[in-house]
Amino acid sequence: MHTTVERELELKLVLSPEHSIPLPARLTYRTEDPYAVHMAFHIGSDFPVHWTFARDLLVEGVFRPCGHGDVRIWPTKVDRRNVIFVALSSPDGNALLEVPSAAVAAWVERTLRLVPPGTETERLGIDEGLAELLAPLPADDLWMRDPWPSDESQDGEA
């Protein structure tokens, strides 16, 4: 059985050090995709923007700066509040998001209780998938037969 853990959040899209705008978002974790977290938010378009990145990155980012390239995360304080900054980079642009630290930490903890670190591979069903893929089928018997009759006759004919 697969489980989904979701959390609605009010993020801030940081436009400058002095100005940010509220940004509703949703964090999603699915046990059938145990290594990833999904973030979706609306930026005034018809469709939400979706980002997917490693759960480990968010787990580490709650405590210390991490990531490079497209997703970077680090904890900090803004006006005496604990927050997490998430910097996103893509060919379409860049965004700096301010995320409430306590809400993210509680959500991450729920995902870790559901799928503890180091047990993600068990959720992927790789062994079962390989067994199904490699299981013999009735038609395989046709391929296993010798397509060329033997020189020795079964009936004693020469």
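Each remark here, short or long, concerns the structure printed above.
Within any chain, residue numbers begin from 1 and follow the written order of that chain's sequence. Local features are withheld for residues below a pLDDT of 70 in this predicted model, meaning they are given only at 70 or higher, and side-chain atom pairs are given and counted only at 80 or more; totals for whole chains, interfaces and linings count all residues. The basis for every side-chain value is the complete set of heavy atoms in the structure, and neither hydrogens nor water enter the calculation.

**Thoughts on the side chain of Glu-120**
At step 1: Each helix is a run of H or I in the DSSP string that is no shorter than four residues. Each strand is a run of E no shorter than two, and both are numbered from the N terminus. Position of Glu-120 among the secondary structure elements: in helix α3 (residues 120-124).
At step 2: Among the polar contacts listed, one links the side chain of Glu-120 to the side chain of Arg-55, at a separation of 2.9 Å.
At step 3: Distance and chemistry together define a polar contact, namely a pair of N or O atoms within 3.5 Å, with one atom able to donate a hydrogen and the other to accept it when in protein, and with adjacent residues in sequence counting only for side-chain atoms on both sides. Within polar-contact distance, the side chain of Glu-120 engages the backbone nitrogen of Gly-118 at 2.9 Å.
At step 4: Should any heavy atoms of two residues lie within 4.5 Å, those residues are considered in contact. Contact partners of Glu-120, with chain neighbours within four places excluded, come to Pro-34, Tyr-35, Arg-55, Asp-56 and Val-115.

**Brief notes about the pattern of salt bridges**
At step 1: Basic side-chain nitrogens of Lys or Arg form a salt bridge, by our definition, when they fall within 4 Å of a carboxyl oxygen of Asp or Glu. Here the structure, examined in full by the defined rule, presents four salt bridges.
At step 2: We note a salt bridge from Arg-55 to Glu-120, for which the minimum N-O separation is 2.9 Å. Placement of Arg-55 in helix α1 (residues 55-61) and of Glu-120 in helix α3 is noted, with a sequence separation of 65 residues between them. Note on accessibility: Arg-55 and Glu-120 belong to one class, buried. Using a 1.4 Å probe on the protein chains alone, a residue whose accessible area is under 20% of its type maximum counts as buried, one over 50% counts as exposed, and one in between counts as partly exposed.

**Points about the side chain of Thr-31**
At step 1: Assignment of secondary structure puts Thr-31 in the loop between β2 (19-30) and β3 (36-41).
At step 2: Engagement of the side chain of Thr-31 in a polar contact is seen with the backbone nitrogen of Thr-3, the distance being 2.8 Å.

**Side note on the pairing of strand β6 (residues 71-78)**
The side chains of a regular strand alternate, first on one face of the sheet and then on the other.
At step 1: By the convention used here, strands pair only if DSSP detects at least 2 bridges between them. Of the strand pairs in this sheet, strand β5 (residues 66-68) and β6 are connected by three bridges, and their pairing is antiparallel. Bridge pairing links His-68 to Val-71 in β6.
At step 2: Where β5 hands over to β6, the hairpin turn is made up of two residues, of which Gly-69 adopts a positive phi near 80 degrees.
At step 3: The pairing of β6 with strand β7 (residues 81-90) spans eight bridges and is antiparallel. By the bridge assignment for β7, Arg-72 is matched with Ala-87.

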